[in-house]
Amino acid sequence: SPMLKAVARRMTESKTTVPHFYVSSEIDMTRALQLRKELNEALADSGEKVSVNDLIVRASAQALVQHPQAHRSYVDGTHVYHAHAHVGIAVALDDGLIVPVLRDADTKSLRQIAVEARDLAERARAGKLRQREIEGGTFTVSNMGMLGVSAFAAIINPPESTILAVSAT
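Just so we're clear, the structure is a prediction, and the values are computed from it rather than from any experiment. (Residues numbered from 1 in each chain as written. Predicted model: local features only at pLDDT ≥ 70, side-chain atom pairs only at ≥ 80, totals over all residues. Heavy atoms only, no water.)

**Things to note about unusual backbone geometry**
Cis rather than trans, the peptide bond between P158 and P159 has omega equal to 10°. Position of P159 among the secondary structure elements: in the loop between β7 (139-143) and β8 (163-166). We note that D76 has phi near 50°; this positive angle belongs to a residue other than glycine. Here D76 lies in the loop between β1 (72-75) and β2 (78-81). Residue D76 is classed as exposed on the basis of its relative accessible area, which comes to 78%. The backbone phi angle of D104 is positive, close to 50°, even though this residue is not glycine. In this structure, D104 sits in the loop between β6 (101-102) and α4 (110-125). (Helix = DSSP H or I, 4+ residues; strand = E, 2+ residues; numbered from the N terminus. Buried < 20%, exposed > 50% of the residue type's maximum accessible area, 1.4 Å probe, protein only.)

Listed below in structure tokens is the structure:
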């Protein structure tokens, strides 16, 4: 399909033109999982939920703004620093992968991130995203934890310079 061709082209471009190196760490998510449970109990009447991925997106966005050296792209021979974290969220589709972007994630509350991320993922699966919603990311979170994956190496989505591969908690 055209989507699979585009994914294959971009992944090949990334692996052949962007230096990749991999760092693995185990993070104690006990408190984060407790917080998620508490928040979801408080949100029960609203029908909203906060996912582990939402917590990770929020923490990543905050970290990117605090560490600008890790939040830059290399474009046309120049480092471009990003004032805001536009976080891509990898969404698996039946015929490929798409990465909708949560704009200005560093300025949003966890609840806003949860609502927006769910909306973007649902519209991605329905094929209803607009082009501008899949462009302009400065960082991506790729989460396979819900599949029980213990580790994987994600491929950077150019012109981004980093991607976070999240495994099972």
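**Side note on the nonpolar core**
By size, the foremost hydrophobic cluster in this structure holds 23 residues, and its most contacted members are V57, V87, L102 and V141. When residues of this core are traced back to their parent elements, those giving at least two are α3 (52-66), β3 (87-89), β4 (91-93), α4 and β7. With sequence-adjacent residues up to four places away left out, V57 is seen in contact with V87, I89, L102, A105, I113 and V141. Membership of the second largest hydrophobic core comes to five residues, among which are L43, V50, L110 and A114. (Core = buried A, V, L, I, M, F, W, Y, C linked by side-chain atoms within 4.5 Å. Contact = heavy atoms within 4.5 Å.)

**Observations regarding the sheet that holds β3**
Here we have four strands laid out as an open sheet, ordered β6-β3-β7-β8, and mixed in their pairing. The sheet is open, and its two edges are formed by β6 and β8, each paired on a single side. Set on the sheet, α3 makes contact with β3, β6, β7 and β8; between it and β7 the angle comes to about 155°. (Pairing = 2+ DSSP bridges. Axes fitted to C-alpha atoms, helices over the stretch in contact; angles between N-to-C directions.)

**Observations concerning the pattern of salt bridges**
One pass over the full model with this rule turns up six salt bridges. Put simply, E38 and R31 hold a salt bridge, and the shortest N to O gap is 3.4 Å. Assessed through its relative accessible area of 42%, E38 is described here as partly exposed. Looking at R31, the relative accessible area reads 47%, which means it is partly exposed. (Salt bridge = Lys/Arg side-chain N within 4 Å of Asp/Glu carboxyl O.)

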